[in-house]
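Now for the letters of each chain:
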Amino acid sequence: MKRVVLFVGGVGGAKLALGMYRVLPPDALTIVVNTGDDFWHYGLRVCPDTDTVLYTLAGRVDPVNGWGIAGDTTVTLDALRALGETPWFNIKDRDIATHLLRTEMLRRGHTLTQIAAHLAQAQGVTCRVLPMSDQFVETRVQTREHGWLDFQEYFVRHRCQPTVLDVRYEGAEQAAVTPQVAQALHTADLIVFAPSNPWLSIMPMLHVPGMRAAIAQSAAPSIAVTPIVEGRAIKGPAAKMMAEMGYEVSYASVARFYADFVRVFVYDKRDPLRELDAPRLVALDTIMTDEASKVRLAREVLALSEMV
Ligand code: FO1
């Protein structure tokens, strides 16, 4: 049995996570989730990427948005509006229960890792879903128009419209790799980076002190999947951000990002093969529109581990 560690961000990463979850026995799969998008909102600790992965694997995710819970209601948001608030982040009623419980468990002294395990178990998710760290790390985005913004302010409030100048990961220096993540990497047979935004989803995880070393020290080879196809991001602001930060908007830029720690880079078969020294390039159909395509890509990525 191959033990796989999958690094994921939000909606795009959750698609490959679901494919892997369908293909692998649950104890062979560990999903490490970005928590750089986490923030406080109306006194609640919200962990969007953790919840997106859990709701997706539990079969509860809103199929239109790819985040939140299918069929959720907006009674609380409407009540807030009636009280004169203009909430810009759509936390709906059932989703709020998750944030309430997480916030209360934090108050009782539980770690993010323990809370994610509890939320997974309560929703019937049987693989391990591990936050990248138990310390709070918060991604901040420097924009031309508004200066430094919290990630969700940039992403949701300003709809990724401001021009990105820089990104930083606040609190990362004080964070640490959890024993659970370290153990999973130590015993892994394969490490996979999902098609998530390199700067907003993967980088926060790599900034946790010890994470790069744990990946490097693992005997497992690493494979990354492109989030950029035909010069466009499958989802989110990756392509726009890359252009604003001065990168060529192509899978080649993302492959270069991974060059020093990934052996194989999966680009999309719709794109031409480029000349790169490293990593080794493999073309697959990376577009995941339905469950069958998620399962197919997961199988094909796992099959690549035979050649790395
Ligand atoms: N994304 C939006 O674009 N608008 C929202 O109002 C929004 C609310 C939301 C609530 C809970 C949750 O878990 C995720 C939510 N997201 C929303 C998605 C989230 O901002 C992003 O998908 C990730 O942080 C990026 O990976």
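My aim in this report is to walk through the structure given alongside it, one point at a time. (Residues numbered from 1 in each chain as written. Predicted model: local features only at pLDDT ≥ 70, side-chain atom pairs only at ≥ 80, totals over all residues. Heavy atoms only, no water.)

### Looking at the pairing of strand 2 (residues 29-33)
Going by this rule: Only protein chains enter the accessibility calculation, which uses a 1.4 Å probe; a residue is then buried when its area is under 20% of its type maximum, exposed when over 50%, and partly exposed in between. Starting at the N terminus, helices and strands are each numbered in turn, a helix being any DSSP run of H or I of at least four residues and a strand any DSSP run of E of at least two. By the convention used here, strands pair only if DSSP detects at least 2 bridges between them.
With respect to burial, strand 2 is a largely interior element, 5 of its 5 residues being buried. Burial along strand 2 is two-sided: Leu29, Ile31 and Val33 facing one way and Thr30 and Val32 facing the other are all buried. Sheet analysis places strand 1 (residues 4-8) next to strand 2, joined by 5 bridges and oriented parallel. Among the inter-strand pairings, Val5 is bridged to a residue of strand 2, identified as Thr30. Inspection of the sheet shows strand 2 paired to strand 5 (residues 128-131) by 4 bridges, in the parallel sense. In the sheet register, Thr30 faces strand 5, and the bridge partner there is Arg128.

### Remarks on the sheet that holds strand 14 (residues 280-284)
Pairing between the strands of a sheet comes from backbone hydrogen bonds, and it takes one of two forms, parallel or antiparallel. As a reminder of what qualifies: Every axis in this analysis is a line fitted to C-alpha atoms, fitted for helices over the stretch in contact. Angles between the N-to-C directions lie between 0 and 180 degrees. Residues are treated as being in contact if the distance between any of their heavy atoms lies within 4.5 Å.
Taken together, 7 strands build an open sheet; the order of strands is 5-2-1-9-10-13-14 and the sheet is parallel. The outermost strands of the open sheet, each flanked by one partner alone, are strand 5 and strand 14. Sheet twist, expressed as the mean angle between neighbouring strand axes with direction ignored, is 25 degrees. As judged from the 5 bridges shared by strand 13 (residues 264-268) and strand 14, these two strands associate in the parallel manner. By the bridge assignment, Val264 is partnered in strand 14 with Arg280. Along the sheet, helix 11 (residues 251-258) makes contact with strand 9 (190-193), strand 10 (222-225), strand 13 and strand 14, crossing strand 13 at roughly 165 degrees.

### A word on the nonpolar core
Let me state the cut-off plainly: Here, nonpolar core means buried Ala, Val, Leu, Ile, Met, Phe, Trp, Tyr and Cys residues that are tied together by side-chain atoms lying within 4.5 Å of each other.
Of all hydrophobic cores here, the largest spans 51 residues; its most connected members are Phe7, Leu185, Phe193, Met211, Tyr258 and Phe265. Apart from residues no more than four positions distant in its own chain, Phe7 is found in contact with Val32, Leu185, Ile191, Val192, Phe193, Ala194, Ile202, Met205, Met211 and Ile215. Ranked by size, the runner-up nonpolar core spans 39 residues in total, among them Ile31, Val33, Val125 and Met288.

### Digging into the pattern of salt bridges
Keep this limit in mind: Each salt bridge in this description consists of a side-chain nitrogen of Lys or Arg and a carboxyl oxygen of Asp or Glu lying within 4 Å of one another.
As enumerated under the stated definition, the model contains 20 salt bridges in all. Across the pair Glu170 and Arg140 runs a salt bridge whose closest N-O atoms are separated by 3.1 Å. Placement of the pair is Glu170 in strand 8 (residues 164-170) and Arg140 in strand 6 (residues 138-143), with a sequence separation of 30 residues. Glu170 sits in the partly exposed class, given a relative accessible area of 35%. When salt bridges that share partners are traced, they join Asp268, Arg270, Asp285, Arg296 and Glu300 into one network.

### Considerations on unusual backbone geometry
A cis amide bond, omega -10 degrees, links Ala278 with the succeeding residue Pro279. On the secondary structure map, Pro279 appears in the loop between strand 13 and strand 14. The phi dihedral of Tyr42 is positive, around 50 degrees, even though this residue is not glycine. Residue placement: Tyr42 occurs in the loop between strand 3 (39-41) and strand 4 (44-46). Residue classification places Tyr42 among the partly exposed positions, given a relative accessible area of 42%.

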